[in-house]
Each structure stands twice: as structure tokens, then as C-alpha cells.
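What the coordinates show
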Amino acid sequence: MAALYLRTISIMEQSKAKEILAFCLGIILIGCLIQMAGYLKGDALVFPGVKEILRAFIRLLITKRTYFLVWTTLKHLIASMAISSVMGILIGLVQGMSDFVNNLLKPLTTMLRSLPMIVLIVIIMVLAKYKWVPIIAPSLVLIPVISEATNEGARRIDRELLDVYRLHSHFNWSVFIHVYLPLMAGYLKQAYINAVGMGIKLSISTEYLVQTRNSLGKAVHSSSYFNEYQDVYAYALVMILLVLLVSEVPMWLGRRLNGASRKREK
């Protein structure tokens, strides 16, 4: 058993190393594409060299102001994820328990998912103060993502398992935490991985459009306005790191903790 366990761990580590290698090669591929575009276009201003982009990226990393910009965007992401989680799980649960409610809300969720982001932002800009737009707009887009995952997870639960709790009590908070949530975890996990990456892009896009102070969106706008395109690409690298930080790192820590707990049990 111990040899099989070690072999499994070794295979998983090799697979992870290949994923990291492929990711790094993907970053190099992006740099090659930018260089090729600059060569074909003949415009070094819009498509600066990789060295210039890397210099700008390192400069951003060692600049204190960059982390203030990242924190502003993270605050918008955290707020929108909290709102969309509460609303999405609540709506998804009701949809999963009632076919009528599911059919009633399906056109609304479909509209929110298919509505062009720029149209949604313009509508929200008219209805709400600009400082709330980077929170409201991502929330409205992410609610259907989480609600549909919750709905699907609730409908996939074995009916016999639900009948067991119904013999003892009605649906309540304890039943949700100990019955529904663990059984829907796989669907919610994938939904949150997608929602986090999408939420960062939506937050930065809305910050760009409403000119939110001290945000990544505002910084990208200022860089493009002053033709500092090397900074635009450098901010793009910062955003990639931010997506990895808020999506992959928690997953990695969870796997490490699970692995450590299994070792203690053995």
C-alpha cells in the first residue's frame, strides 16, 4: 500500500510539473506572438519588445502603488463574489427544488449571461453611482454562473439521500450545511474557479470604463492614453498573476492540506 501511495504521489508531481512547464511555455508563446505582431505591423510603439515589457513588469512589481491598485481591484472582486455567492446559491437552491421557479427564472439568468457587458455597464452607470458599478456589474454577471451550478448540483443529488433527512426535519440551515453543500461541492468548485477569473476581468473592465481611482482599470486607461503600451502589457501580466493568486493558490493549499491529513491518517 505504501509503495502504491508513493507511486501515485510521484505521478501526480510529474503531472503537475508538466502543467507548470506548459504554462511557462504559454507565457513565452504570448511574448513571441507580440513580437511577431510588432514585426508584421511595423509598429514598435503598440507592440513593444519583450525586454521592454519585462522591464515595465519588474518596475510595477517593486512599486508600492501597484499593490494599492491591486488591492482596490481585489476589494471589488471580493464584494462582487460575496454578493453573487449569496444570491446565486439562494436562487440556485430554489430553482433546484422547484421546476416552476426554475422555468420562471431561466429567461432572466439567460439574459444576464448573454447580455453584452458594455450594455450592462452602461445601464448600471445610469442607475447607480459610479463607485458601485465595479461591484454591481460583476455581481449580476456572476450570479447566473453560481446559480446554475447550484441548480445543477441540487438536481443531481440522490433523491434517497434527501428522503432520509426529510424523515427527521424540514429544510433548514443545518441541512444545507451538512447535506446539500457537501453534495454540491464539485459543481460549486468548478463554478468558483470560472467565476474568480471572470470576476477579475469584469471588475477591471468596469474600472476602466468608469475611471475608478487607484484601480488597475484606471491604470491601464492612463497607460494607453499616454501611449505607454509596455505598461499595458505589464499590467496584463500582473492580472495573470492575480488570477493565479486568487484561483490556483487556494486550490493548491487545499490539496496540500488534504495530502497532509491523509499522511497523518496512514
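To keep things clear, this report deals only with the structure shown in the data block. (Residues numbered from 1 in each chain as written. Predicted model: local features only at pLDDT ≥ 70, side-chain atom pairs only at ≥ 80, totals over all residues. Heavy atoms only, no water.)

Before going further, it helps to examine the overall build of the protein. Helix and strand content of the protein: 10 helices and zero strands. When its helices and strands are written in sequence order, the protein yields α-α-α-α-α-α-α-α-α-α. Taking all 266 residues of the protein together, the buried fraction comes to 34%. If you take every contact in the protein between residues at least 6 apart in sequence, the share linking residues at least 24 apart comes to 71%. (Helix = DSSP H or I, 4+ residues; strand = E, 2+ residues; numbered from the N terminus. Buried < 20%, exposed > 50% of the residue type's maximum accessible area, 1.4 Å probe, protein only. Contact = heavy atoms within 4.5 Å.)

Bringing the environment of Ser147 into the picture now. By secondary structure assignment, the location of Ser147 is in helix α6 (residues 133-156). Ser147 gets classed as buried once you look at its relative accessible area, which sits at 0%. Separated by 52 residues in sequence, Ser147 and Gln95 place their C-alpha atoms 8.3 Å apart. Non-local contacts of Ser147, meaning those with residues more than four positions away in its chain, are made with Gly88, Ile91, Gly92, Gln95 and Thr109.

Right, let's talk about helix α8 (residues 173-210) for a bit. Each turn of an α-helix holds 3.6 residues, which means side chains three or four residues apart point in the same direction. Compared with an ideal rise of 1.5 Å per residue, which puts 38 residues at 56 Å, α8 spans 39 Å between its outermost C-alpha atoms and falls more than 12% short. Maximal helix bending in α8 amounts to about 60°, located at Ala185. Residue Gln211 follows α8 closely and has a positive phi angle near 60°. (Expected span 1.5 Å × (residues − 1). Bend = angle between axes of the 7 residues up to and from the residue.)

Moving on, we get to the nonpolar core. Among the nonpolar cores identified, the biggest contains 30 residues, and Val70, Met81, Met117, Leu216, Tyr235, Met239 and Leu242 are the most heavily contacted of them. Elements supplying a minimum of two residues to this core: α2 (50-61), α3 (64-97), α5 (117-127), α6, α8, α9 (216-225) and α10 (229-265). It is α8 that provides the largest number of residues to this core, a total of six residues. With residues near it in sequence (within four places) discarded, Val70 still touches Leu216, Val238 and Leu242. By size, the runner-up hydrophobic cluster in this structure holds 11 residues, among which are Leu93, Ile157, Tyr180 and Leu188. (Core = buried A, V, L, I, M, F, W, Y, C linked by side-chain atoms within 4.5 Å.)

The tally for this structure, following the rule as stated, stands at three salt bridges. Note that Asp231 is salt-bridged to Arg59, the shortest N-O span being 2.5 Å. Placement of the pair is Asp231 in helix α10 and Arg59 in helix α2, with a sequence separation of 172 residues. With a relative accessible area of 7%, Asp231 lands in the buried category. Arg59 gets classed as partly exposed once you look at its relative accessible area, which sits at 39%. Of the charged contacts, one joins Asp99 and Arg155 as a salt bridge, the two residues approaching to 2.8 Å between their closest N and O atoms. (Salt bridge = Lys/Arg side-chain N within 4 Å of Asp/Glu carboxyl O.)

Right, let's talk about a nonpolar patch on the surface for a bit. Residues Ile118, Val119, Val122, Ile123, Val126, Leu127, Tyr208 and Leu209 make up a contiguous nonpolar surface patch of roughly 730 Å² in combined accessible area. Of all elements in the fold, only α5 and α8 reach the threshold of two or more residues within the nonpolar patch. For the nonpolar patch, the leading source of residues is α5, giving six residues. Mapped onto the elements, Ile118 comes out in helix α5. (Patch = residues over 30% accessible without salt bridge, like charges linked within 9 Å, V, L, I, M, F, W, Y side chains within 5 Å. Areas by Shrake-Rupley, 256 points an atom, 1.4 Å probe, with all protein chains shown as cover.)

Inspection of the secondary structure puts His76 in helix α3. Using a relative accessible area of 9% as the deciding quantity, one classes His76 as buried. Once residues lying within four places of it in the same chain are set aside, the contact partners of His76 are Pro134, Ile135, Ser203, Glu207 and Thr212.

Right, let's get into the packing of α8 against α9. Following both chains from N to C, one finds α8 and α9 inclined at 55°, their axes separated by 7 Å at the closest point. Of the possible angle classes, the one that applies to α8 and α9 is oblique. α8 and α9 meet at a crossing whose hand is right-handed. Only Leu216, Gly217, Lys218, Val220, His221 and Ser224 of α9 make contact with α8, whose side of the interface consists of Ile204, Glu207 and Tyr208. Looking at side-chain class alone, the contact of α8 with α9 contains four nonpolar, three polar and two charged residues. (Axes fitted to C-alpha atoms, helices over the stretch in contact; angles between N-to-C directions. Parallel < 35°, antiparallel > 145°, perpendicular 65-115°, else oblique. Left-handed = near helix turned anticlockwise from the far one by under 90°. Nonpolar A, V, L, I, M, F, W, Y, C, P; charged D, E, K, R; others polar.)

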